[in-house]
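# Fold and geometry: a report
The primary structure of each chain is shown beneath.
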Amino acid sequence: MNKKEMKRMIKTARKFAKPFRVTDDGFRLKDIDPGDTLDLTSEDKPRAKEALATGINVLAELQDMLYAQDRWAVLLIFQAMDAAGKDGAIKHVMSGINPQGCQVYSFKSPSSGDLDHDYMWRCMKCLPERGRIGIFNRSYYEETLVVRVHPEFLASQRLPAELVGKDIWDKRFQDIRAFERYLTRNGVLVRKFFLHVSNKEQRKRFLSRIEEPEKNWKFSANDAKEREHWDEYMEAYEDMIRATASKQAPWYVVPADNKWFTRVVVAAAIIDAIGSLDLKFPAVDDEKKKELAAARLALEQE
Ligand code: ATP
Ligand code: MG
């Protein structure tokens with residue numbers, strides 16, 4: 001792909017992802033329809049799949065440069081209700097990427113070792129190295145979601161009682177904002193994705209996990225039980241997004257009732273993000289050129 005073509009692709013991706021980007025506290029969850037597909041219909045599905053394939057190629061080229069330049073790191077955070085399609089989106093969007101340049105970490109319930117530390121600790125250990133893309137499948141944001149909806153998780157963290165007041169969530173938001181600002185100032189590009197599935201579609205997906213034998217392994221009775229807390233989760237998500245969206249570390253609230261659409265938006269947002277970095281293959285100086293010429297000569301004379 002030549003430079004001009006690449007630039008055009010990045011511009012298209014930016015435009016496509018923009019309606020879903022949240023950068024400030026004016027956001028309301030009800031403004032995003034989980035079933036939204038912009039002006040595309042299911043007839044456009046094959047075209048969307050082609051666009052995704054092209055996008056994946058663009059992403060692979062950008063990642064090559066990111067890796068070669070070895071200055072920036074990229075942290076992509078995925079949050080969602082169960083069955084919203086996090087795993088599938090990560091699998092498809094990153095499918096063309098060189099595995100050496102990409103690290104995926106899934107954050108499940110904290111272990112007793114994790115609970116002996118502050119909540120950021122286990123995530124800090126997994127931050128991407130320079131030149132690499134790091135993916136958090138769930139993250140420290142769970143600390144303002146599941147932990148907020150279920151106070152017993154907060155209790156299990158054994159924080160000193162005087163540090164646990166009503167304002168604990170605001171304090172966590174503050175600390176997360178500061179942490180992401182710190183990362184940004186250190187060359188880690190942060191992008192956050194909330195895959196927004198509707199209550200109805202989640203129910204449908206759970207049912208198909210029960211009905212189709214090859215999907216049975218994905219079903220967890222506990223996930224289905226969590227539906228009782230749906231409204232509390234939605235409130236927690238909205239609050240969290242409003243409090244932690246910024247220009248430097250935006251949230252993308254991605255409609256997730258149609259997987260083909262979700263994946264295109266996620267790919268576009270990542271292309272936009274990495275494309276916004278001024279990536280170049282490292283320049284070759286005169287000394288290196290001499291070295292290359294000498295090596296060529298030696299090889300040719302063998
Ligand atoms: P899948 O179910 O598709 O395999 P998943 O991300 O839902 O993927 P699970 O094995 O279900 O993975 O484990 C994730 C669970 O861990 C979620 O229910 C999540 O809320 C919980 N979890 C993650 N972080 C924390 C935390 N800090 N405190 C308490 N629970 C957490
Ligand atoms: Mg799960």
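What follows covers the layout of surface pockets. Of the pockets and cavities examined, the largest pocket occupies roughly 1,300 Å³. Along the walls of the largest pocket sit 44 residues, with Asp82, Ala83, Lys86, Arg138 and Asp223 positioned nearest its centre. Only α3 (86-93), α6 (146-149), α9 (199-211), α10 (221-225), α11 (230-244) and α12 (259-275) provide two or more residues apiece to the lining of the largest pocket. The leading source of residues in the lining of the largest pocket is α9, at six residues. Split into classes, the residues belonging to the lining of the largest pocket amount to 14 nonpolar, 12 polar and 18 charged.

With that settled, the discussion passes to the packing of helix α1 (residues 3-17) against α12. Angle between the axes and distance between the axes: these two values describe a pair of packed helices. Here α1 crosses α12 at 125°, and the two axes come no closer than 8 Å. Judged by the angle between their axes, α1 and α12 are oblique. For the pair α1 and α12, the crossing hand works out as left-handed. When α1 is examined against α12, the residues Ile10, Ala13, Arg14, Phe16 and Ala17 are found in contact with a partner set consisting of Phe261, Val264, Val265, Ala268, Ala269, Ile271, Asp272 and Gly275. In the contact of α1 with α12, the residues fall into 10 nonpolar, one polar and two charged.

The subject of this paragraph is α1. Helix length check: α1 (15 residues) gives 21 Å between terminal C-alpha atoms against 21 Å at 1.5 Å per residue, within 8%. Those residues of α1 not exposed but buried are Met6, Met9, Ile10, Ala13 and Ala17. Along the axis of α1, the buried positions cluster into a sector of 100°, meaning they face one direction only. Turned more than 90 degrees away from the buried face of α1, the exposed residues are Lys4, Lys7, Arg8, Lys11 and Lys15. Contacts made by the buried residues of α1 are with β1 (21-22), α2 (45-69), β6 (251-255) and α12. Capping the start of α1, Asn2 holds a side-chain oxygen 3.2 Å from the backbone nitrogen of Lys4, two or three residues further along.

Taken together, the six strands give an open sheet; going across it, the order is β1-β6-β5-β2-β4-β3, and neighbouring strands pair in mixed fashion. Among the strands making up the open sheet, the edge pair consists of β1 and β3 (102-106). Looking at chain direction, strand β5 (residues 188-196) and β6 are connected through five bridges and run parallel. Note that in β6 the partner of Phe193 across the bridge is Tyr252.

Turning next to the nonpolar core. By size, the foremost hydrophobic cluster in this structure holds 91 residues, and its most contacted members are Met94, Tyr140 and Phe193. For this core, the element with the highest residue contribution is α12, accounting for 12 residues. Beyond its immediate chain neighbours, meaning those up to four positions away, Phe193 contacts Leu76, Ile77, Phe78, Gln79, Trp251, Tyr252, Val254, Val266, Ala269 and Ile270.

This part covers the site of ligand 1. Near ligand 1 lie 14 residues; those nearest to it are Asp82, Lys86, Lys108, Arg138 and Glu143. Separating an oxygen atom of ligand 1 from a side-chain N or O atom of Asp82 is a distance of 3.0 Å. In the model, a nitrogen atom of ligand 1 is placed 3.2 Å from a nitrogen or oxygen of the Arg122 side chain. Coverage of ligand 1 by the protein amounts to 76% of the 630 Å² it exposes when considered alone. Judged by the fraction of its atoms near the pocket grid, ligand 1 is located in the largest pocket. Secondary-structure elements contributing two or more residues to the shell around ligand 1 are α3 and α6. Split by residue class, the shell around ligand 1 holds five nonpolar, one polar and eight charged.

Reading the values: rules and limits
- Residues numbered from 1 in each chain as written.
- Chains lettered and ligands numbered in written order.
- Predicted model: local features only at pLDDT ≥ 70, side-chain atom pairs only at ≥ 80, totals over all residues.
- Heavy atoms only, no water.
- 1 Å grid on protein atoms, 1.4 Å probe; cavity = no way out; pocket = protein on both sides within 12 Å on 5 of 7 lines; lining within 4 Å.
- Points joined across faces, edges and corners; volume = space filled by probe spheres on them.
- Helix = DSSP H or I, 4+ residues; strand = E, 2+ residues; numbered from the N terminus.
- Nonpolar A, V, L, I, M, F, W, Y, C, P; charged D, E, K, R; others polar.
- Axes fitted to C-alpha atoms, helices over the stretch in contact; angles between N-to-C directions.
- Parallel < 35°, antiparallel > 145°, perpendicular 65-115°, else oblique.
- Left-handed = near helix turned anticlockwise from the far one by under 90°.
- Contact = heavy atoms within 4.5 Å.
- Expected span 1.5 Å × (residues − 1).
- Buried < 20%, exposed > 50% of the residue type's maximum accessible area, 1.4 Å probe, protein only.
- Arc of directions from axis to C-beta.
- Polar contact = N/O pair within 3.5 Å; in protein donor to acceptor, adjacent residues only side chain to side chain.
- Pairing = 2+ DSSP bridges.
- Core = buried A, V, L, I, M, F, W, Y, C linked by side-chain atoms within 4.5 Å.
- Near = heavy atom within 4 Å.
- Areas by Shrake-Rupley, 256 points an atom, 1.4 Å probe, with all protein chains shown as cover.
- Sits in = over half its atoms within 2 Å of the grid points.

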